[in-house]
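Here are the chains, one letter per residue:
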Amino acid sequence: MSNAIQAVRGMNDILPEEAAHWEALEEMLRSWLRSYGYRNLRTPVLEPTALFRRAIGETTDIVEREMYSFVDELNGEALTLRPEATASTVRAAIQHNLLYGSPQRLYYMGPMFRHERPQKGRYRQFYQVGAEALGYAGPDVDAELLLMCARLWDDLGLEGIKLQLNSIGSPEERARHRVELVRYLQAHEESLDADSKRRLHTNPLRVLDSKNPSMQPLIEAAPRLLEHLGDASLAHFDGVQQVLKDAGIHFSINPRLVRGLDYYNLTVFEWVTDRLGAQGTVCGGGRYDGLFEQIGGKPTPACGFAMGLERLLALMQEARAAEPAAQCEVYVVHQGSAADRMAFGVAEELRNHGLSVLQHCGGGNFKAQMKKADASGAILAVILGEDEAASDQASVKHLRQEREQLRVARATLPDTVTNLLFLEDE
Ligand code: ATP
Ligand code: MG
């Protein structure tokens, strides 16, 4: 086995047992997004490197050291595996003139790539679902996005996910704050770590986003952007908070929250849990009114969020009982040449009635097949033997409850099976 090829470090195979939970989550996410009028947008995983450099910012962690970038040897194009999908969404909206006539509520779901140090809750290929409200200027849509998240935690049965909120104002307000921030950081230059020393001159606001514990006291005492906001920014911030209060959603204002991407303005937020160790941010987002122009489009207000599926699943795993997901509702066992042929038709008829059916393949005696049926997690076994085939009937055995085995006409089998499954749910 020593020369067997392994997956790339930090990139995971998701095996069927676990993938069942992924599929269930993805279905819930899609119907939740649709219930707020969000429609799906699918963009490529590869984009021109320039897109992310311009959108996320040259001096962010993502662009400085986390991107999988390479030059296409065939044509010399500089390409990057997407580290996030807001930039791609905006690129597509501009390229296809999607906002012509009306604003858009869009969502995406899929893999992202960042060259980070792999650890629990942090991978090099990970999955995000994100919602983007494009063409909306008011605080109402910021608030709606937050209400959506609150509903999702509820739907998924997740507790203890807390909202942290901040406003980082307008570019002009940030410029005024920057002068004070740089003065403050220079006065403490000897206490800055290497990253922060560098950023002091390139992107001082990023210093506030440092995760280095030894930097925290300094960051705590730094001049606050929130205190440099003008009336318009404050009114927007108040507007968001008002809706949250009306809806009874608790939040705390965190003046040091700046987010790791440069495109944000006004509202920024994170949903954080203390149940996932150091990787406690489940969802992050905010407003990005300048991004369309930054990548060559017309000025367009916009707001959105992204959440990590691995972190959601880890929280859900905590919340759910440790019972393996059933592969199918019904398992069809069959023996004898007439029954073997009949099995195909019976399985298809059950599927016609919307049931999930696993048909036994590979032969073997009834006893061995029933063992497989049990191990599959199916609720019912449909049994076809020589007698059943000869009389055009089927036997049905409940695999999870003590019940008498039934023998029914083939024509009534779908109804019998549906009734038994329905009873099981009660
Ligand atoms: P963090 O502070 O944990 O690095 P981030 O601010 O870089 O997060 P965003 O870029 O805002 O994260 O992405 C939104 C969400 O995507 C995060 O809240 C998290 O749930 C998830 N996420 C980000 N990076 C990773 C990763 N490397 N592995 C798994 N999930 C991730
Ligand atoms: Mg990060």
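Anything mentioned here points back to the structure above.
The structure presented is a predicted model; accordingly, all values stated were derived computationally and were not measured.

**Focus: the overall build of the protein**
Stage number 1. When helices and strands are tallied, the protein shows 15 helices and 16 strands.
Stage number 2. Over its C-alpha atoms the protein spans a radius of gyration of 27 Å, topping by over 25% the 22 Å that the globule rule assigns to 426 residues.
Stage number 3. In terms of its C-alpha atoms, the protein occupies a principal-axis envelope of roughly 90 × 60 × 45 Å.
Stage number 4. Each of the 426 residues in the protein was classed as buried or not, and the buried ones make up 48%.

**Some thoughts on the sheet that holds strand S4 (residues 78-81)**
Stage number 1. Read across the open sheet, the three strands follow the order S2-S4-S3; overall the sheet is antiparallel. Both edges of this open sheet fall to strand S2 (46-48) and strand S3 (68-71), since each of them pairs with a single strand only. Across the sheet, the mean angle from the axis of one strand to that of its neighbour is 35°, orientation sign disregarded.
Stage number 2. Against the sheet, helix H2 (residues 49-56) makes contact with S2, S3 and S4, and its axis sits at roughly 75° relative to S2, the strand it touches most.

**Quick word on the site of ligand 1**
Stage number 1. With respect to spatial proximity, 15 residues lie near ligand 1, and among them Arg114, Glu116, Arg122, Gln128 and Arg259 are the closest.
Stage number 2. Contact between ligand 1 and Thr281: an oxygen atom at 3.0 Å from a main-chain N or O atom of the residue.
Stage number 3. Between Val282 and ligand 1, the recorded distance is 3.1 Å, taken from a backbone N or O atom to an oxygen atom.
Stage number 4. Across the complex, the protein chains shield 92% of the 580 Å² of accessible surface that ligand 1 would expose by itself.
Stage number 5. Along the lines of polarity and charge, the residues of the shell around ligand 1 split into five nonpolar, four polar and six charged.

**Section: the side chain of His228**
Stage number 1. One can find His228 in the loop between helix H8 (216-220) and helix H9 (231-246).
Stage number 2. Excluding anything up to four places from it in sequence, His228 contacts Glu173, Arg176, His177 and Glu180.

**Details of the sheet that holds strand S12 (residues 330-334)**
Stage number 1. Strand order in the open sheet formed by five strands is S13-S12-S14-S15-S16, with mixed pairing between adjacent strands. Looking at which strands have only one partner, the edges of the open sheet turn out to be strand S13 (357-359) and strand S16 (406-409). Within the sheet, the average angular offset between the axes of one strand and its neighbour, ignoring direction, is 25°.
Stage number 2. The pairing of S12 with strand S14 (residues 380-384) spans five bridges and is classified as parallel. Of the residues in S14, the one forming a bridge with Val330 is Leu380.
Stage number 3. Sitting on the sheet, helix H12 (residues 337-352) touches S12, S13, S14 and strand S15 (393-398), and the angle it makes with S13 is about 165°.
Stage number 4. On the sheet, helix H13 (residues 366-375) packs against S12, S14 and S15 and is oriented at approximately 170° with respect to S12.

Basis of the calculations
- Residues numbered from 1 in each chain as written.
- Chains lettered and ligands numbered in written order.
- Predicted model: local features only at pLDDT ≥ 70, side-chain atom pairs only at ≥ 80, totals over all residues.
- Heavy atoms only, no water.
- Helix = DSSP H or I, 4+ residues; strand = E, 2+ residues; numbered from the N terminus.
- Rg over C-alpha atoms; globule rule 2.2 N^0.38 Å.
- Buried < 20%, exposed > 50% of the residue type's maximum accessible area, 1.4 Å probe, protein only.
- Pairing = 2+ DSSP bridges.
- Axes fitted to C-alpha atoms, helices over the stretch in contact; angles between N-to-C directions.
- Contact = heavy atoms within 4.5 Å.
- Near = heavy atom within 4 Å.
- Polar contact = N/O pair within 3.5 Å; in protein donor to acceptor, adjacent residues only side chain to side chain.
- Areas by Shrake-Rupley, 256 points an atom, 1.4 Å probe, with all protein chains shown as cover.
- Nonpolar A, V, L, I, M, F, W, Y, C, P; charged D, E, K, R; others polar.

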